[in-house]
Amino acid sequence: MMGRQAADGPVALITGGASGIGAATSRRLAGHGWRVAIADIDTARATAVADDCGGLFVATDVASADDNEHVVACTVEEFGRLDAVVLNAAIAGRCGLDDFSPQRYRDTMRTDLDGVVYGLHAALPQLRRQGGGHLLITGSIAGLTGSPDVFYATAKHALIGLVRSAAPLLERDHIRLNTICPGLVNTPALASLRTTLLAHGLLLAEPDEVAAAIETILADDRTGQVWSLQAGRPAAPVELPEVHLIPR
Ligand SMILES: NC(=O)c1ccc[n+]([C@@H]2O[C@H](COP(=O)([O-])OP(=O)(O)OC[C@H]3O[C@@H](n4cnc5c(N)ncnc54)[C@H](O)[C@@H]3O)[C@@H](O)[C@H]2O)c1
């Protein structure tokens with residue numbers, strides 16, 4: 001139990017904070033003076049993490065715009081401010097090309113894409129009122145490459161588009177918007193594949209490596225960046241190709 005955080009520490013809201021990268025981020029930030037609010041659908045595990053962090057848990061389905069508004073309001077009511085939102089909750093794709101169904105496709109997108117957009121939208125008024133803040137999206141290497149998990153990768157590509165498009169517009173409000181794109185990470189989401197991945201010689205980062213990178217990015221002044229993080233390597237912004245419209 002880390003106990004209650006300093007009354008004047010910065011405040012982070014972390015979606016998907018009950019497990020894996022979100023739980024590690026909640027614990028790391030709480031251990032370094034942040035006050036932490038956790039938004040998740042998994043009440044039992046999120047409550048345990050929030051208790052451990054001396055933080056707040058608010059039952060939240062990120063796919064609901066109302067739930068996102070609610071968790072931001074609860075966070076501000078509890079702590080009086082909001083400095084950073086880590087938009088981290090996601091699920092593996094619920095279908096692929098061969099077992100496609102519109103419902104399962106929507107189930108994927110409503111969490112992995114809508115959930116981030118709604119979270120961003122819900123936080124903006126508070127961040128603007130405060131004169132700035134930081135929105136950090138957990139993307140994936142699948143958003144930079146392709147993946148057999150086609151619609152998960154589609155959502156993660158879209159999040160990079162969101163960052164590149166919205167970050168310049170938010171600069172005037174002193175709101176930074178970035179994304180971290182981890183490679184493979186040893187979390188419950190990957191549990192069923194872990195043995196196979198290791199057998200193929202692939203390295204898995206530990207969740208706290210990603211959490212440490214998230215802490216680094218939250219302290220970084222840059223915006224609109226797509227950060228990459230792989231096991232044992234420091235996080236670094238990715239250089240994306242710049243393509244310009246050709247003047248006539
Ligand atoms: N594990 C990896 O290898 C890996 C690699 C790259 C990116 N990521 C990304 O990291 C993030 C965290 O993944 P993880 O591996 O820690 O997964 P995880 O399954 O351990 O944790 C995800 C959390 O999100 C919550 N969640 C799921 N749907 C939700 C919803 N609708 N509303 C609220 N909460 C919801 C779950 O309850 C869980 O606590 C995700 O964005 C994932 O895409 C993971």
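Residues numbered from 1 in each chain as written. Predicted model: local features only at pLDDT ≥ 70, side-chain atom pairs only at ≥ 80, totals over all residues.

For the protein chain, the count of helices and strands is seven helices and eight strands. Rg of the C-alpha trace for the protein chain: 17 Å, near the compact-globule value of 18 Å for 248 residues, within the 12% margin. Across the 248 residues that make up the protein chain, the buried fraction comes to 44%. Taking all contacts inside the protein chain whose residues are at least 6 apart in sequence as the whole, residues at least 24 apart take part in 63%. (Helix = DSSP H or I, 4+ residues; strand = E, 2+ residues; numbered from the N terminus. Rg over C-alpha atoms; globule rule 2.2 N^0.38 Å. Buried ≥ 20, exposed ≤ 12 C-beta atoms within 10 Å, placed from the backbone. Contact = placed C-beta atoms within 7 Å.)

Before going further, it helps to spend a moment on the pairing of strand β2 (residues 35-40). Taking burial as the measure, the six residues of β2 include six buried ones, the bulk of the element. Across the two faces of β2 the burial is the same, with R35, A37 and A39 and V36, I38 and D40 all buried. The pairing of strand β1 (residues 11-15) with β2 spans five bridges and is classified as parallel. The partner of V11 across the bridge, within β2, is R35. Crossover β1 to β2 through helix α1 (residues 20-31) is right-handed. Note: β2 against strand β3 (residues 56-59), four bridges, orientation parallel. Along β3, the bridge assignment pairs D40 with A59. In this view, the connection linking β2 to its parallel neighbour β3 by way of helix α2 (residues 43-53) has right-handed handedness. (Pairing = 2+ DSSP bridges. Right-handed = clockwise from strand over helix to strand, strands pointing away.)

Neighbouring residues of the ligand: 29 residues in total, closest G16, S19, G20, A90 and T187. Of all the secondary structure elements, the ones that give two or more residues to the shell around the ligand are α1 and α4 (102-130). Of all the elements, α1 adds the most residues to the shell around the ligand, at three residues. Residues of the shell around the ligand, tallied by class, amount to 14 nonpolar, twelve polar and three charged. (Near = placed C-beta within 6 Å. Nonpolar A, V, L, I, M, F, W, Y, C, P; charged D, E, K, R; others polar.)

Turning to its location among the elements, P234 is positioned in the loop between β7 (226-229) and β8 (236-237). Separated by 200 residues in sequence, P234 and W34 place their C-alpha atoms 23 Å apart.

Here the protein chain averages 96 in pLDDT, and 98% of its residues register 70 or above. Looking at the elements of the protein chain, mean pLDDT is at its lowest for helix α6 (residues 194-199), recorded as 94, and at its highest for strand β4 (residues 84-87), recorded as 99. (pLDDT = per-residue confidence, 0-100.)

Across the interface, α1 lies against helix α7 (residues 207-218) with an axial gap of 8 Å and an inter-helix angle of 55°. What the angle tells us is that α1 and α7 run oblique. Of the two elements, α1 crosses α7, and the hand of that crossing is right-handed. Contact residues: α1 offers G20, I21, A24, T25, R28 and L29, while α7 offers P207, D208, V210, A211, A212, I214 and E215. Residues belonging to the contact of α1 with α7 are distributed by class as follows: eight nonpolar, two polar and three charged. (Axes fitted to C-alpha atoms, helices over the stretch in contact; angles between N-to-C directions. Parallel < 35°, antiparallel > 145°, perpendicular 65-115°, else oblique. Left-handed = near helix turned anticlockwise from the far one by under 90°.)

Secondary-structure assignment places G54 in the loop between α2 and β3. Overall, the presence of 14 C-beta atoms within 10 Å leaves G54 in the partly exposed class. As a C-alpha pair, G54 and V36 span 18 residues in sequence and 7.8 Å in three-dimensional space.

Glancing now at unusual backbone geometry. Notably, H174 is not glycine yet its phi reads approximately 60°, a positive angle. Note on placement: H174 falls in the loop between α5 (150-170) and β6 (175-182). Note on H174: 14 C-beta atoms within 10 Å, which makes it partly exposed.

Our focus in this paragraph is α7. End to end, α7 covers 17 Å across twelve residues, agreeing with the expected 16 Å (1.5 Å per residue, within 8%). Taken as a whole, α7 has its buried residues at P207, E209, V210, A211, A213, I214, E215 and I217. (Expected span 1.5 Å × (residues − 1).)

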